[in-house]
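Chains, contacts and geometry: an overview
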Amino acid sequence: MLTALTTTTCLLALASCASASPSSSNGSGNGNTPRIVNSVTLNGHTFVNKGLVGFGFIPSNFRESTGDTLGGIGSAIDIKYGTFKASKGKFTGTFLVSPDRGYNVDSTVDYQARTHQIDFTLNPYYDAANLTFAAAQNTLSLKYIKTTLGWDRNSVKTSGLSPVAVRPPMWGYQIIALADPQMPIASNAEPHLTIDAEGIVSMPDGSYWLSDEYGPYIYRFSAEGHLIQTIQPPNAFLPRDAQGNLNFTSDVTLATGRVGNQGFENLSLDRKNKVLYAMLQSATLQDGGDGSTTSRYTRLVAYDVSFPVIFRPKLIGEWVVPLPLSSKNKTQASSEMHFISPGVFLTLARDGNGHGNSNDQSKYKQADLFTTIDATDIHNTKFDDPAHPVSPGGVLDPSIKPATYVPFINYLNGTELARFGLHNGDPDDQTNLNAKWESFALGSVNEKEYPDDYFLFTASDNDFISTDGVSLGVPFDAGIDVDNQFMVFRVTLPGVNKQAP
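No experiment lies behind these values; they were computed from the predicted model shown.

Conventions used here
Residues numbered from 1 in each chain as written. Predicted model: local features only at pLDDT ≥ 70, side-chain atom pairs only at ≥ 80, totals over all residues. Heavy atoms only, no water. Helix = DSSP H or I, 4+ residues; strand = E, 2+ residues; numbered from the N terminus. Rg over C-alpha atoms; globule rule 2.2 N^0.38 Å. Buried < 20%, exposed > 50% of the residue type's maximum accessible area, 1.4 Å probe, protein only. Areas by Shrake-Rupley, 256 points an atom, 1.4 Å probe, with all protein chains shown as cover. Lys, Arg positive; Asp, Glu negative; His and termini not counted. Charge placed at Lys NZ, Arg CZ, Asp CG, Glu CD. Phe/Tyr/Trp six-rings, centres within 6.5 Å; stacked < 30°, edge-to-face > 60°. Lys NZ or Arg CZ within 6 Å of the ring centre and 35° of its normal. Core = buried A, V, L, I, M, F, W, Y, C linked by side-chain atoms within 4.5 Å. Contact = heavy atoms within 4.5 Å. Pairing = 2+ DSSP bridges. Axes fitted to C-alpha atoms, helices over the stretch in contact; angles between N-to-C directions. Salt bridge = Lys/Arg side-chain N within 4 Å of Asp/Glu carboxyl O.

1. Focus on the overall build of the chain
Across its full length, the chain holds four helices and 27 strands. For 501 residues, the compact-globule formula gives about 23 Å, and the C-alpha radius of gyration of the chain, at 21 Å, lands near that figure. A total of 501 residues make up the chain; the buried ones form 62% of that total. Of the roughly 18,300 Å² of accessible surface on the chain, 51% is carried by carbon and sulfur atoms. Averaged over its 36 positive side-chain charges, the chain has a centre that lies 6 Å from the centre of its 49 negative ones.

So this is what it looks like as C-alpha cells:
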C-alpha cells in the first residue's frame, strides 16, 4: 500500500483561488424545502429528483503517488464503508475509486490496476440562483489521500494490456471457492492478470469487489490490493471465437459472449441480503450486441455472496434489461448501476458525446430506473448457453419478459447545469459537461422529515486526457484537458434498504 502524498500536494482546492461561497439553503438548515425537478412512478412508489446540489472536479494533470496522472477514476466509485458522516448540514466521507486501464488512446498499456482513496466534503446548494463556475466548486471539495496497487496471485503485478492468452484454471476450481477459473492474461510470456476495471463495491473489512470488461469477470481484492477470488459468469457471457475457444481480447470481434469494451460496467451490492449484482454495458454478441441498433437487450446477473470464502458465489438470478434508444434507434449503453431495493435499480445510460469527444454536445445522459420484479428470471436456463440467444438480431425472444425501464434524472437539464456554471455543448471548455459519466454512489441525507432522501454522487471518466499527463512515468500531451468531474443530485428513493456506506 502506498503512502499518502503531502498535504500541500494532495489538497485539491478545486477552484484554485475561488473566493466566492455558495449560500447554503438546505432543507434542514434554514427551513427551506428542497426543490422538486421531476418525479416518476415505479412499482407504485414515487421517485423524486430534487436537482443538482453539488459539483467539483480533480484537475486533469493531478499526479497520484506513483507519479502517474490521476485519471479515469469515474470508471468506478463507491463510498468507503463506514466513512459517510453528516454534521451541521455538511457531509463528509471517502470515495474508493478505481480507474480503468490507463491512458490508452493509441493502444492498451501495461497499467497496473489500482484504487485511490479521495476524501470529500459536500456542502449542498439548494438555491435557484446561478453560481459562478468558481463558486460552484465550493459545494464539493475533494482531497486525494492514497493509492493502493492491484496484485495478481503470488504478488505479481496486474496489467491493463489487452489479453492475448488464457491462463488455465487452478486445480480444484470446481470445488474450492477461492480457486481461479480460466483467467485473461497479457500473454504467455507475461502471464499476469489483465484488468479493465469498471465497477467497485467497498466491504466492511476493507476488501472490495471489482468488475471488469475483459472477462467479463468480478474479482475480490484484499484491502492491500491482492487478488482473493474470481467470479466467472455463465457461458453465454464469455467471449468465444467461432471455434468456441475463450478469447479475452478486446481488439477483435468474436462470435459469442460480451462485446469488446462492453463487459461488466455495472456492479452493486444488496448489503442486507448479501447479493452482488453485475450488468453488461450492452447485449452479448449472440443477443445482437454486434450492432448499435440491435444491442439494447443487456443482461443483469445476481450472485449470493453470503459466505464467499467457504462457498463459491452462486448465481441466483438473471434478467434481461431493455436499454433506451436514441432517435436513430441506437442503444444508449449502461455505464453504471446501483441497487436500490430488491428488484429496483438505478442505471446510468448515456451517449458518448460531450467534453473530451469530437462531438461536444450530448443528447442523452441519464440516471434511470428499472425493475426486475415482474421480469423473467432466466438463470440456469437454456439462455445461459450462447447457442440460445435471448434476442437474436436484437429481437427479444417472446418467452422472455424484460425488466421495466423508466427514465428519471436528466444530466443535461440546462437549468440545473447553469446553477453550477455548467452547460452542454458549445463552448467546448472546462464548463462543458464531460462525455463519459460512469459511476454512482449513494449517501443518506439524514433528515427525519425526508427519510427516503439520498445524495446521488456521480463521476466521469476523463480517459486520462490531459495536455500535461504522465503515463507509466512518461509525459504525454493529449491535446486537450478533460478534468475528472463529479456531480451530486438529491433524490427521493423509497424502499432503499438502510445500509450505511
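And the narrative resumes.
2. Describing the packing of aromatic side chains
By convention here, two paired aromatic rings are described through the distance between centres and the angle between planes. Counted by the stated rule, this structure contains 27 aromatic pairs. Consider the rings of Phe-84 and Phe-120, whose centres lie 6.3 Å apart with planes at 35°: the pair is tilted. Pair noted here: Phe-84 is in the loop between strand E4 (76-79) and strand E5 (85-87) and Phe-120 is in strand E7 (residues 114-122), with a separation of 36 residues, a long-range link. When sorted by exposure, Phe-84 lands in the same class as Phe-120, which is buried. The residue whose ring lies beneath Arg-296 is Tyr-297, and the NZ or CZ to ring-centre distance is 5.4 Å. Positioned above the aromatic ring of Tyr-450, the side-chain terminus of Arg-490 is 5.1 Å from the ring centre.

3. Considering the nonpolar core
Counting residues in hydrophobic clusters, the biggest one holds 36 residues, and the most contacted among them are Phe-47, Phe-408, Tyr-411, Leu-456, Met-487 and Leu-493. Here this core gets four residues from one element, more than from any other, and that element is strand E3 (residues 45-58). With sequence-adjacent residues up to four places away left out, Phe-408 is seen in contact with Asn-38, Val-40, Phe-47, Val-48, Asn-49, Leu-346, Gln-366, Ala-367, Asp-368, Leu-369, Val-491 and Leu-493. Phe-91, Phe-120, Phe-455 and Val-488 belong to the second-largest nonpolar core, a separate cluster that totals 25 residues.

4. Overview of the sheet that holds E3
The sheet built from five strands is open, its strands ordered E2-E3-E27-E24-E23 with antiparallel pairing. Of all strands in the sheet, those bounded by a partner on one side alone are strand E2 (38-42) and strand E23 (437-444). In this sheet, neighbouring strand axes are inclined to one another by 30° on average, regardless of whether the strands run parallel or antiparallel. Summarising the sheet, E3 and strand E27 (residues 484-492) pair through eight bridges and their orientation is antiparallel. When the bridges of E27 are listed, Gly-56 appears paired with Phe-486.

5. Details of the pattern of salt bridges
One side chain can pair with another of opposite charge once the charged atoms of both are near each other. On inspection of all chains with the given rule, the structure shows 19 salt bridges. For Lys-436, the salt bridge is made with Asp-461, and the minimal N-O distance between the two is 3.7 Å. One end of the pair, Lys-436, is in the loop between helix H4 (414-418) and E23; the other, Asp-461, is in the loop between strand E24 (453-460) and strand E25 (469-471), and 25 residues separate them in sequence. The partly exposed category is assigned to Lys-436, whose relative accessible area is 23%. Among the ionic pairs, Arg-490 bridges to Glu-447, the shortest N-O distance being 3.1 Å.

6. Examining the environment of Ser-107
Its location among the elements puts Ser-107 in the loop between strand E6 (90-98) and E7. Spatially, the C-alpha atoms of Ser-107 and Met-183 are 21 Å apart, while their sequence positions differ by 76 residues.

7. Examining the sheet that holds strand E17 (residues 297-304)
Here four strands make up an open sheet; going across it, the order is E15-E16-E17-E18 and the pairing antiparallel. Every interior strand has two partners, whereas the edge strands, strand E15 (266-270) and strand E18 (314-322), have only one. The mean inter-strand angle of the sheet, taken between neighbouring strand axes irrespective of direction, is 20°. By the bridge criterion, five bridges tie strand E16 (residues 275-279) to E17 in an arrangement that is antiparallel. Looking at E17, one finds that Ala-278 is bridged to Val-301.

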